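Spelled out, the chains give:
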Amino acid sequence: DEMITGIIVETEAYGGAEDLASHAAFRKTGYVTYMTGPSGTLYVYKAYGTYPCLNIVTGPEGKASAVLIRAISMQAPEPDDRSASGPGRLGRRIELSTAHNGHELLHPPFWIEPGSSETVEVATGPRVGVKRGDGRHWRFAIAGHPAVSRPRL
């Protein structure tokens, strides 16, 4: 019953079947089907079968791609830069579940609005915990922000 607000401070990008780190590269059924669009909808999976992870579908409908939201700097109801640091913490903090798969980000309970026009330095690096793939530097974070998950960029 409360509105939780925050600023996205860290993300990771995932492509389709050609990106060996992507779920779409080795899963064809189940929740991963939400990863094929339409853009602006949620793809939620459970890391380790427990922690719901927030992904935003980004590609054209029918082509798998998504951005994992790794960390949010919480603003309200209480500022806390660590309560949503890391995809598992974030999912628990915003009470995310696989029932939210396919939710369009245009209306509650989850939506994204444009941020400020403030210029920030963006750090990039390899995706966290990725053992397959080509070492793409598709992890992005606001450089030096305390809410960025570990390992910090």
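Note that the structure is a prediction, hence the values are computed from the model and not measured.

What counts, and where the lines are drawn
Residues numbered from 1 in each chain as written. Predicted model: local features only at pLDDT ≥ 70, side-chain atom pairs only at ≥ 80, totals over all residues. Heavy atoms only, no water. Patch = residues over 30% accessible without salt bridge, like charges linked within 9 Å, V, L, I, M, F, W, Y side chains within 5 Å. Areas by Shrake-Rupley, 256 points an atom, 1.4 Å probe, with all protein chains shown as cover. Salt bridge = Lys/Arg side-chain N within 4 Å of Asp/Glu carboxyl O. Helix = DSSP H or I, 4+ residues; strand = E, 2+ residues; numbered from the N terminus. Buried < 20%, exposed > 50% of the residue type's maximum accessible area, 1.4 Å probe, protein only. Pairing = 2+ DSSP bridges. Axes fitted to C-alpha atoms, helices over the stretch in contact; angles between N-to-C directions. 1 Å grid on protein atoms, 1.4 Å probe; cavity = no way out; pocket = protein on both sides within 12 Å on 5 of 7 lines; lining within 4 Å. Points joined across faces, edges and corners; volume = space filled by probe spheres on them.

1. Some remarks on a nonpolar patch on the surface
Here is step 1: On the surface, V120, V122 and F140 cluster together into a nonpolar patch covering about 230 Å² of accessible area.
Here is step 2: For F140, the position within the fold is in strand 8 (residues 139–142).

2. Section: the environment of G115
Here is step 1: Within the fold, G115 resides in the loop between strand 6 (110–111) and strand 7 (122–125).
Here is step 2: For G115, a relative accessible area of 66% gives the class exposed.

3. Some thoughts on the sheet that holds strand 8
Here is step 1: The sheet built from 6 strands is open, its strands ordered 2-3-4-1-8-7 with antiparallel pairing. In this open sheet, the two strands that pair with only one neighbour each are strand 2 (42–47) and strand 7. If you compare each strand with its neighbour and ignore which way they point, the axes differ by 35 degrees on average.
Here is step 2: In terms of strand pairing, strand 1 (residues 5–14) meets strand 8 through 3 bridges, oriented antiparallel. Note that in strand 8 the partner of T11 across the bridge is F140.

4. A closer look at the layout of surface pockets
Here is step 1: Its volume calculated, the largest pocket comes out at about 1100 Å³.
Here is step 2: Residue lining of the largest pocket: 31 residues in total, with I4, T5, G6, I72 and W111 positioned closest to the centre.
Here is step 3: Here the lining of the largest pocket gets 4 residues from one element, more than from any other, and that element is strand 1.
Here is step 4: Roughly 850 Å³ of volume is contained in the second largest pocket.
Here is step 5: Lining the second largest pocket are 33 residues, and of these Y45, A47, Y48, V128 and G129 lie nearest its centre.

5. Some remarks on the pattern of salt bridges
Here is step 1: Per the counting criterion, the structure on display carries 5 salt bridges.
Here is step 2: With a closest N to O distance of 3.0 Å, R70 and E10 form a salt bridge. Here E10 lies in strand 1 and R70 lies in strand 4 (residues 66–76), a separation of 60 residues in the sequence. Of the two residues, R70 and E10, both sit in the buried class.

Note that every value here comes from positions in space, so none of it alone points to a role or purpose.
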